[in-house]
Amino acid sequence: MTTTKDERTTVPLPLNRILAGDCIEEMRALPEGSIDLIFADPPYNLQLRGELHRPDNSRVDAVDDHWDQFAGFAAYDTFTRDWLAAARRLLKPDGAIWVIGSYHNIFRVGAELQNQGFWILNDVVWRKSNPMPNFRGKRLTNAHETMIWAGKSEKSKYTFNYEALKSLNEGVQMRSDWVIPLCTGGERLKDAAGEKAHPTQKPEALLHRVLVGTTNPGDVVLDPFFGTGTTGAVAKMLGRDFIGIEREASYREVAEKRLAKVRKFDAEGLATTRAKRAEPRVPFGQVIERGMLRPGEELYSLGSRHKAKVRADGSLIGNDVRGSIHQVGAALEGAPSCNGWTYWHFKREGKMVPIDILRQQIRAEMDDTRPN
């Protein structure tokens with residue numbers, strides 16, 4: 001599954017693969033404008049000085065790997081500028097990026113995002129319900145990380161599945177503070193020695209929320225700091241294509257094994273709640289054309305206080321008022337506006353049925369004929 005640059009000469013976009021190498025070089029070799037979303041978890045540049053110990057003098061397994069070590073802020077800023085430029089080149093015009101970090105780096109990354117023309121949409125606080133304590137007792141416990149969500153430009157028509165995130169949040173609008181625990185138990189991947197395979201493995205719940213909210217099935221998601229493959233695993237489950245870039249062989253090995261065990265959800269499971277405005281438009285005239293209602297048939301407001309007659313062109317007439325289902329409903333109610341689809345009903349077998357049932361039937365048929 002791991003692919004080197006030479007093997008990609010005949011594959012324009014190496015979907016669902018892990019590319020071995022430096023993220024900047026590998027991104028520069030990919031086709032321009034080919035990626036829908038980037039999720040990036042770059043080195044935090046923690047600038048640790050010495051080892052960290054618990055009160056019982058046991059050593060804390062903190063981030064002290066070579067990939068997180070830079071000569072100073074200038075070197076880190078150069079690295080940030082270069083990988084963000086490579087990432088922006090890859091995004092489609094309506095693409096977007098998520099970057100996660102801590103107080104050590106996220107403000108510098110955010111400034112560079114703006115310098116390069118990205119348009120910041122939200123900053124999201126990931127509040128860890130089980131953070132690591134501050135063992136030295138000299139600072140507040142670091143209980144959160146910050147994620148920046150940005151469009152490629154101010155004009156980008158980025159994906160935002162508002163209704164899907166609302167459904168995830170029990171019908172309440174999703175906020176920008178997310179309470180999600182750190183990886184523990186079975187989700188925490190281990191190496192052959194039984195140690196943590198990666199010091200900053202992200203929980204799948206975090207990526208699930210990001211991908212459900214800001215991508216659609218079939219989108220291409222790039223993670224230039226792939227690590228042990230959380231982004232790829234969640235993307236695969238959710239029916240998105242992924243490309244991972246990882247230079248550390250030990251992480252790639254763990255990620256390959258992890259991805260081999262992941263199965264994509266079925267088509268029904270991948271469906272999410274759509275916003276009304278995202279559903280296909282159905283003119284009332286189609287209901288008449290298809291014979292679901294006939295010219296001359298009468299429609300009624302709930303309670304039958306008002307009625308109107310259907311005309312052959314899809315307009316209504318009631319009390320000498322002519323117009324669309326919305327216009328006639330508003331005029332009869334003396335209201336500035338009216339949703340005619342929910343206002344008007346027709347009678348079948350003595351029961352009042354909203355005309356919106358007919359619209360939903362047509363929409364369902366539209367969905368059945370769309371290519372998968």
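Thresholds applied
Residues numbered from 1 in each chain as written. Predicted model: local features only at pLDDT ≥ 70, side-chain atom pairs only at ≥ 80, totals over all residues. Heavy atoms only, no water. Pairing = 2+ DSSP bridges. Helix = DSSP H or I, 4+ residues; strand = E, 2+ residues; numbered from the N terminus. Axes fitted to C-alpha atoms, helices over the stretch in contact; angles between N-to-C directions. Parallel < 35°, antiparallel > 145°, perpendicular 65-115°, else oblique. Left-handed = near helix turned anticlockwise from the far one by under 90°. Contact = heavy atoms within 4.5 Å. Nonpolar A, V, L, I, M, F, W, Y, C, P; charged D, E, K, R; others polar. Core = buried A, V, L, I, M, F, W, Y, C linked by side-chain atoms within 4.5 Å. Buried < 20%, exposed > 50% of the residue type's maximum accessible area, 1.4 Å probe, protein only.

Asks: Mind showing me how you'd approach the pairing of strand β11 (residues 307-310) here?
Replies: Residues in a regular strand project their side chains so that they alternate between the two faces of the sheet. Of the pairings in the sheet, the one linking strand β10 (residues 298-301) to β11 comprises three bridges and is antiparallel in character. When the bridges of β11 are listed, Glu298 appears paired with Lys309. Following β10, the chain reverses through five residues before pairing antiparallel with β11; Gly303 in that reversal takes a positive phi of roughly 90 degrees. Relative to strand β12 (residues 316-318), β11 runs antiparallel, the two being bridged by two bridges. Across the sheet, the residue bridging to Lys309 is Ile317, located in β12.

Asks: Can you help me understand the packing of helix α2 (residues 73-90) against helix α3 (residues 106-115) in this one?
Replies: The geometry of a pair of packed helices is captured by two quantities: the angle between their axes and the separation between those axes. For the pair α2 and α3, the least separation of the axes is 10 Å and the interaxial angle reads 45 degrees. One element, α2, and the other, α3, form an angle in the oblique class. Handedness of the crossing formed by α2 with α3: right-handed. Mapping the contact onto sequence places Phe73, Tyr76, Asp77, Thr80, Arg81 and Leu84 in α2 and Arg108, Val109, Glu112 and Leu113 in α3. In terms of residue class, the contact of α2 with α3 is built from five nonpolar, one polar and four charged.

Asks: Looking at this model, I keep getting lost on the sheet that holds strand β15 (residues 351-354). Mind explaining?
Replies: The pairing of strands in a sheet comes from backbone hydrogen bonds and takes either a parallel or an antiparallel form. The six strands are arranged β13-β12-β11-β10-β14-β15 in an open sheet whose pairing can be described as antiparallel. The open sheet is flanked by β13 (321-323) and β15, the only strands paired with a single partner. Along the sheet, successive strands turn relative to each other by an average axial angle of 35 degrees, direction set aside. For β12 and β13, the ladder comprises three bridges, and the chain directions are antiparallel.

Asks: Help me understand the nonpolar core, please; the structure alone is not making it clear to me.
Replies: It is characteristic of soluble globular proteins that their nonpolar side chains tend to be buried jointly. Ranked by internal contacts, the top residues of the largest apolar core, which has 33 residues, are Trp98, Met147, Trp178, Leu206, Val210 and Leu211. Secondary structure elements with two or more residues in this core: β3 (35-40), β4 (91-101), β5 (119-127), β6 (144-151), α4 (162-168), α5 (204-214), α6 (230-237) and α7 (249-260). In terms of residues, this core owes the most to one element, α5, which gives five residues. Counting 29 residues, the second largest nonpolar core, distinct from the first, contains Cys23, Ile24, Tyr76 and Phe79.

Asks: Would you mind showing me how to read the environment of Lys347 here?
Replies: With respect to the helices, strands and loops of the structure, Lys347 is situated in strand β14 (residues 344-348). Looking at Lys347, the relative accessible area reads 42%, which means it is partly exposed. Sequence spacing of Lys347 and Glu297 is 50 residues, and the spatial spacing of their C-alpha atoms is 9.5 Å. What Lys347 contacts, discounting residues up to four positions off in sequence, is Tyr300 and Met352.

Asks: Explain the pairing of β10 to me, please; I cannot follow it from the model alone.
Replies: Where β10 meets β14, two bridges bridge the pair, whose relative direction is antiparallel. Residue pairing for β14: Ser301 is matched across the bridge by Trp344.

Asks: How should unusual backbone geometry be read in this particular structure?
Replies: With the exception of glycine, most residues fall at negative phi, and the peptide bonds are largely trans. In this structure, Ser304 takes a positive phi of about 60 degrees despite not being glycine. Along the chain, Ser304 turns up in the loop between β10 and β11. Judged by its relative accessible area of 38%, Ser304 is partly exposed. Positive phi outside glycine occurs at Asp320, with the angle close to 65 degrees. Turning to its location among the elements, Asp320 is positioned in the loop between β12 and β13.

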